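Next come the chains, spelled out residue by residue.
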Amino acid sequence: MTGNGYAHPEALVDTGWLAQHLDDGTLRVVEVDEDNGAYERGHLPGAVGWNWATDLHSPVGRDYTDRVGVEHLLRAAGVEDDTTVVLYGGNNNWFAAYAYWLLRLRGFGPVRLLDGGRKKWELEGRELTEEVMDYQHSPYRLTGPEHPEVRALRDEVLARARVFAKPGSDAVLVDVRSPAEFRGETLAPPHLPQEQAQVPGHIPGAVNIPWSQATNEDGTFRSAEELRALYAGRGVEEEREVITYCRIGERSAHTWFALSELLGFEHVKNYDGSWTEYGSLVRAPVALGA
């Protein structure tokens, strides 16, 4: 396991610990990667792969798969009542954090993130395999309640936009995209042009703290002390209501994880509609520049 002064150190496992427990029958390792072909080219031994675009989303409309869909994924992975799911992926766990947040939203509790994800595992020269796992389906059922309090939706963000912009507000909106996206110079990361809003810019009153500032060079999260200083320096503190957003919700899920799971902030929501939704709304207030 890992520590670093985190409020919930159990939310993370490190590569050394996982390497020693890959054969533990109560663990199921799941890769969720931005590159949906990465799993077939090599993955952690025993891991199954989830496609973020198709497995995590509803086949009709723009929303996540519901509890029935999540149960199906978990059953297909052979998850039992005593199974802990460990998620990892590329890009310092962008989409692994996205899947973690979704599992929390839908009420699945025993889930962990591999600190550093695929990047750290590969940097350490650890084993990868091309063997595609096919576990026996289980009868697993979700029994805990859903947690809608971790999600912000469009109407809430629009209603709160004026509050975010007020000096001394008890709420703060964190835009975790790159500075160029925040300023309105680009609509998406250069290698990901497929999901874009109609207009560039950011939500008025938002502070820009790129998600990558929460990680070290090897993809692991910075210590709790470093994270707390990073966010407090921009007015993001535990007593405030915090909503994170990016472009489609995956980078902001990473920051949501850092704030809620590692620092223990109790009032953090991820706005998964993010800029692709907000930046396409008619007459929504938009800001440009720094």
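The name given to the protein chain in an unreviewed UniProt entry is Sulfurtransferase, with the source organism recorded as Kitasatospora misakiensis. Regarding the protein chain, the UniProt comment filed under Catalytic activity (unreviewed entry) reads as follows: "thiosulfate + hydrogen cyanide = thiocyanate + sulfite + 2 H(+)".

Here we come to the side chain of Glu261. Structurally, the position occupied by Glu261 is in helix α9 (residues 250-262). Among the polar contacts listed, one links the side chain of Glu261 to the side chain of Ser260, at a separation of 3.5 Å. Contacts of Glu261, omitting those with residues within four sequence positions, involve Ala7, His8, Ala11, Tyr100, Arg104 and Trp256.

With that settled, consider the packing of aromatic side chains. Applying the stated rule across the entire model yields 12 aromatic pairs. Judged by centre distance (6.3 Å) and plane angle (55°), the ring pair of Tyr100 and Trp256 falls under tilted. With a gap of 156 residues between them, Tyr100 in helix α4 (residues 94-105) and Trp256 in helix α9 connect regions that are remote in the sequence. An identical accessibility class is assigned to Tyr100 and Trp256; each is buried. An aromatic cluster is present here, built from Trp52, Tyr64, Trp94, Phe95, Tyr98, Trp101 and Trp211 joined pairwise through their rings. For Arg126, the ring lying beneath its charged end belongs to Trp121, and the centroid distance is 5.6 Å.

With that out of the way, let us pick up the sheet that holds strand β2 (residues 27-32). Sheet strands pair by backbone hydrogen bonding; their relative direction is either parallel or antiparallel. Strand order in the open sheet formed by 5 strands is β1-β5-β4-β2-β3, and the pairing between neighbours is parallel. Unpaired on one side and paired on the other, β1 (12-13) and β3 (48-50) mark the two borders of the sheet. As paired elements, strand β4 (residues 84-88) and strand β5 (residues 111-114) share 3 bridges and run parallel to each other. Each residue of the ladder has a partner; that of Val85, found in β5, is Val111.

Rules of the game
Residues numbered from 1 in each chain as written. Predicted model: local features only at pLDDT ≥ 70, side-chain atom pairs only at ≥ 80, totals over all residues. Heavy atoms only, no water. UniProt positions renumbered as here; feature names shortened; annotations may be inferred. Helix = DSSP H or I, 4+ residues; strand = E, 2+ residues; numbered from the N terminus. Polar contact = N/O pair within 3.5 Å; in protein donor to acceptor, adjacent residues only side chain to side chain. Contact = heavy atoms within 4.5 Å. Phe/Tyr/Trp six-rings, centres within 6.5 Å; stacked < 30°, edge-to-face > 60°. Buried < 20%, exposed > 50% of the residue type's maximum accessible area, 1.4 Å probe, protein only. Lys NZ or Arg CZ within 6 Å of the ring centre and 35° of its normal. Pairing = 2+ DSSP bridges.

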